[in-house]
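Results of the structural survey
For reference, the chains in residue letters:
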Amino acid sequence: MSAFARTPLRRSVTRVIGVAALAATAATVWLGLFVTPPAQVQGTLVRLLYLHPPVAWVALYCAFGVAALSSFLYLWRRTRSLFWDRLGASAVEVGVVFTALTLVTGSLWGRPTWGVWWTWTARLTSTALLLVLFLGYLALRRVPASPEVRARRCAVAALVAFVDVPIVSFSVDWWQTLHQRGTVLNPGLTLKVHGSMAWTMGLGFVAMTLVFVWMLLVRYRVETLAERIGDRELEISLSERWAEGAPEGTVAPGAPVAGTAVAGAPVAGAASGVPATGAAGALR
Amino acid sequence: MWRDALLVAAKDVRIELRSRVALWQVLPFAVLVLVLFGFALGPGPAALRAAAPGLYWLAVLFSTVLATQRSMAIEAGEGTRDGLRLSGIDPAGVFLGKAAAVAVQLVAVQVLLGAGIVVLFDVHVQTWWLALVASVLATVGLSAAGVLYGALSSGLRVRETLLPLLVLPVVAPVLIAGSRAWSAAVSGAVASGASWLKILGPFAAVYLAVGVGLYGPLQETG
Amino acid sequence: MQLAVHLRAAVALAGRFPALSGADLDVAAGEVVAVLGPNGAGKTTLLRTCAGLVPVTAGEAVVLGCDLRADRTRVRRRVGLLGHDASLYDELTPVENVRFAVRAAGLGTEGVDDALDRLGLVGRLRRTPVQRLSAGQRRRTALAVLVARRPELWLLDEPHAGLDAGARALVGTLVEEAAAQGAAVVLTSHEEALAVPLAHRVAVMAGGRVAAGRPGGRGAAEPVREQTPDVAERVLVAVADDGGDVTHVA
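Treat the numbers as computed from the prediction; the structure is a model and nothing was measured. (Residues numbered from 1 in each chain as written. Chains lettered and ligands numbered in written order. Predicted model: local features only at pLDDT ≥ 70, side-chain atom pairs only at ≥ 80, totals over all residues.)

Thoughts on the nonpolar core
- Membership of the largest hydrophobic core comes to 211 residues, with the highest contact counts inside it found for Leu153(C), Leu155(C), Val185(C) and Val186(C).
- Dropping the residues within four chain positions of it, Val185(C) is found in contact with Val32(C), Trp154(C), Leu156(C), Val175(C), Ala178(C) and Ala179(C). (Core = buried A, V, L, I, M, F, W, Y, C linked by C-beta atoms within 7 Å. Buried ≥ 20, exposed ≤ 12 C-beta atoms within 10 Å, placed from the backbone. Contact = placed C-beta atoms within 7 Å.)

A closer look at the interface of chain C and chain B
- Across the boundary between the two partners, chain C contributes 22 residues, which contact 19 residues of chain B.
- Those elements that provide at least two residues to the side of chain C that touches chain B are strand S6 (79-82) and helix H2 (94-104) of chain C.
- Its residues placed into classes, the side of chain C that touches chain B shows 14 nonpolar, three polar and five charged. (Helix = DSSP H or I, 4+ residues; strand = E, 2+ residues; numbered from the N terminus. Nonpolar A, V, L, I, M, F, W, Y, C, P; charged D, E, K, R; others polar.)

Details of the sheet that holds strand S4 (residues 56-63) of chain C
All names here are of chain C.
- A sheet is described by the order of its strands in space; here four strands give the open sequence S2-S1-S4-S5, paired in antiparallel fashion. Taken across any chain shown, the strands that pair with only one partner, and hence form the sheet edges, are strand S2 (17-28) and strand S5 (66-67).
- Bridge count between strand S1 (residues 3-14) and S4: six bridges; the pairing is antiparallel. Counterpart to Val11 in the pairing with S4 is Ala58. (Pairing = 2+ DSSP bridges.)

With respect to helix H8 (residues 172-187) of chain B
All names here are of chain B.
- In a regular helix each residue adds 1.5 Å, so 16 residues correspond to 22 Å; H8 covers 23 Å between its end C-alpha atoms and thus fits that length.
- In terms of residue burial, H8 counts as a mostly covered element, since 13 of its 16 residues are buried.
- Just downstream of H8 lies Gly188, where phi reads positive at about 85°. (Expected span 1.5 Å × (residues − 1).)

Re unusual backbone geometry
Residue and element names in this part refer to chain C.
- You will see that Leu64, though not glycine, has its phi angle at about 50°, which is positive.
- Tracing the backbone shows Leu64 in the loop between S4 and S5.
- In the Ramachandran plot, Glu158 falls in the positive-phi region, its phi being about 50° despite a non-glycine side chain.
- Mapped onto the elements of the fold, Glu158 is located in the loop between strand S7 (153-157) and helix H5 (165-180).

Considerations on the environment of Trp109(A)
Residues and elements named next belong to chain A.
- Counting through the fold element by element, Trp109 comes out in helix H4 (residues 82-114).
- On the basis of neighbour counts, which here come to 19 C-beta atoms within 10 Å, the residue Trp109 falls in the partly exposed class.
- Contact partners of Trp109, with chain neighbours within four places excluded, come to Leu45, Leu48 and His52.

Structural notes on the pairing of S6(C)
Residue and element names in this part refer to chain C.
- Here S6 shows two buried faces, one formed by Val79 and Leu81 and the other by Gly80 and Leu82.
- Bridge count for S6 against S7 is four bridges, and the pairing is parallel. Across the sheet, the residue bridging to Leu81 is Leu155, located in S7.

Focus on the environment of Ala9(C)
Residue and element names in this part refer to chain C.
- Residue position: Ala9 is located in strand S1.
- Judged by local crowding, Ala9 falls into the partly exposed class, with 16 C-beta atoms found within 10 Å.
- A C-alpha to C-alpha distance of 4.8 Å links Ala9 and Gly59, two positions 50 residues apart in sequence.
- Those residues in contact with Ala9 that lie beyond four places of it in its chain are Gly22, Asp24, Ala58, Gly59 and Glu60.

Considering the domain arrangement of chain A
All names here are of chain A.
- Here chain A is described as being made up of domain 1 (2-230) and domain 2 (231-283).
- Across the boundary between the two partners, domain 1 contributes four residues, which contact four residues of domain 2.
- Here the side of domain 1 that touches domain 2 is built from residues that sort into one nonpolar, one polar and two charged. (Domains from an automatic or database assignment.)

Some points on the packing of helix H6 (residues 128-152) of chain B against H8(B)
Residues and elements named next belong to chain B.
- Across the interface, H6 lies against H8 with an axial gap of 9 Å and an inter-helix angle of 170°. The orientation of H6 relative to H8 falls into the category roughly antiparallel. In this structure, H6 contributes Leu130, Ala131, Ala134, Ala138, Gly141 and Leu142 to the contact, and H8 contributes Val174, Gly178, Ala181, Trp182, Ala184 and Ala185.
- A per-class count over the contact of H6 with H8 returns 10 nonpolar, two polar and no charged. (Axes fitted to C-alpha atoms, helices over the stretch in contact; angles between N-to-C directions. Parallel < 35°, antiparallel > 145°, perpendicular 65-115°, else oblique.)

Structure follows, in structure tokens:
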């Protein structure tokens, strides 16, 4: 997988996906805004439907799923590799963008429909919490530490978030059922979509997934490049450090060290417990 | 593992008692939070009485962050961290011991806060056992999650701001469930209140398990 | 003889920095080895690697019979490390610190008082929180912790730093006793005059690599003419820029 990441093949694959993503998104927008008819009840607002569920699907399942899976694979000894760490981090970053978009498009839809920007339902609250947990992951990632330590911490943070989101979802669900606010505010309200609207939405799903994959690949590449720069800087500071640390007359790095040097002539005979004379005696 | 946990817990509690930070900083902070809430929502007693359970648990959550930071600060120096790893103590034991020490502090905080909401917000709890059980379960969960996230951000110089950001979202279910359970305890609606224990219990169990499993690897460098 | 420490071409990372880049070191039980070298040579990392705290990424590393590359946690409780940063809890007294370490290692607490007495921590000093002790007293407390745990391998990082003459002598005595009881001792220093008299062998470290003194090499010592097998002789080695002046101390 890492070989794939470095070849020019990957770069052309990325480009192809990028172009496809752009085309699909453009098509969705064009179809959504101009070609499909407005719905009976919702009016023009329904056009958000072509974007909001796809974006939500990407955020919750694609991004979060990749992040959780990568974290698990990193922590599991058999598949441990920094590749999973980098992939997971890229997925989380892209996920943050998509989660924020989910909340924004949802709010935009909710305001004219129900009169409120926000409602404390399980789905919305879990999504908001997911955003905060993602942000926490990113904050943790920016703290300086060695790659393995950072990878381990972030993987644990991601997995615990994965465990936590369902718990929160349950809690909020129960919490909400205490207040029968009425089905007006029920975001599970399904619309009947058929015809051109149906496959426009389908196209929207495809488009957003392509965008996600493209962003993931690009972000991953940025991550690898950043790491390579870090390595280069490390090499430079390393040679500087050794140059200053080694005085003349001692073994310099790179100088051949005899394999049996340790077994070589002992510097002093030894027997402990024998009363020593001279300077050694003065130490007692 | 349990013997080790007891050893570590005793050490942490003794250090806390000696340094008195918990006494002079964490407890006053908890009370201060209540008072500030009073300013924010009052002075009418009705609003305060209604909000009291939630405010109580918010104050507990903030205190958890402080107590966890204290717990991590005990091994702030590299020497003590090395010492703990070299001591031969099972990391799971370290986790449980530290969580137990944090839990002890949280119990003290909650006793004070409980008195606080009775006095400041004019709250009368009808079903004490429900409130008590909820508190016990929540305390276990909060301590476990706190120490786990403390380990995630340990040894990092920015941990003071990082820890709240990481741990508070994660313990949101405790806030929700705890507040609902205490509301029920105040109003005497035992059945609905008891159902919230079904969140607090598993939460505590999950975080204890995760902590016991992952605390060791988190201590390793590289 | 059983080797307490066996390192061959060991590579260990401190962060991403290869602080040990091909270290060779053999230490037998009951032997005292002094590792000398300038700052930045990797002496601290060498000790921490032997303690099982630092992962070894290449080469061989076997300490007290445990392969550090396979599982470096098992060796930890059998090793005593005296680092720069004392592993002491500031709010606890010396007695409490030693007791905690001893109990954690699964030993009984009978040796606690002896260890504290040995290090000169008596009376009121024992019951004063460590943060109110002087630096020298803190060092002694850390040594008391080490002594009480009776490890099979002693790893002392610049043990003389911050100690007065009397305490330095005490370190020498403790090292001798430990070696006599069969423990292996590795100590580092960048002051040759203090460390070398204590050691059976001297190794030199620079740039992450370890080499023992051997005849003819730069920075090495002449082998000492052995009079009889059981006469103790210590040699002062000057690792100097002007190329190895050797003084015998009989």
